[in-house]
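Structural overview for review
Read off the chains here:
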Amino acid sequence: MNIKFKKGQEVKQEFGGPVMKVIGFEPELIENIITQWEDEEGTIITAKFMDSVLVPANENTN
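Here's a quick rundown of the structure. Residue positions are given per chain, counting from 1 as you read along its sequence in written order. At least 70 in pLDDT is required for a residue's local features to be given in this predicted model, at least 80 for side-chain atom pairs to be given and counted, and no such filter applies to totals for whole chains, interfaces and linings, which use all residues. Processing note: side-chain calculations cover all non-hydrogen atoms of the structure and skip hydrogens and water entirely.

Working definition: helices are DSSP H or I runs of at least four residues, strands are E runs of at least two. Numbering for both runs from the N terminus. Among the secondary structure elements, Gly 8 is positioned in the segment before strand E1 (10–13). Along the primary structure Gly 8 and Thr 35 are separated by 27 residues, whereas in three dimensions their C-alpha atoms are 9.2 Å apart. The residues contacting Gly 8, other than those within four sequence positions of it, are Lys 21 and Val 22. Two residues form a contact once any of their heavy atoms are found within 4.5 Å.

Examined against the element boundaries, Thr 35 turns out to sit in strand E3 (residues 33–38). On the accessibility criterion, Thr 35 (0% relative accessible area) is buried. Dropping the residues within four chain positions of it, Thr 35 is found in contact with Val 11, Met 20, Lys 21, Val 22, Ile 23, Ile 45, Thr 46, Ala 47, Phe 49 and Leu 54. Categorising residues by exposure relies on relative accessible area from a 1.4 Å probe, with only protein chains included: less than 20% of the type maximum marks a residue as buried, more than 50% marks it as exposed, and the intermediate range marks it as partly exposed.

Right, dumping it as structure tokens:
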């Protein structure tokens, strides 16, 4: 499997949302990128995403 992101990289969903940090990978799963971010109340949130719905946080999207 060719994962296009690196651990520690900042990413976001291609349609918007918070900037998240890649904290790990689960290559055997469809949702193979594990991310983490802090919401506006200071809660740390961890979630898994398919790599196809994520883009680098510094990439411009239209």
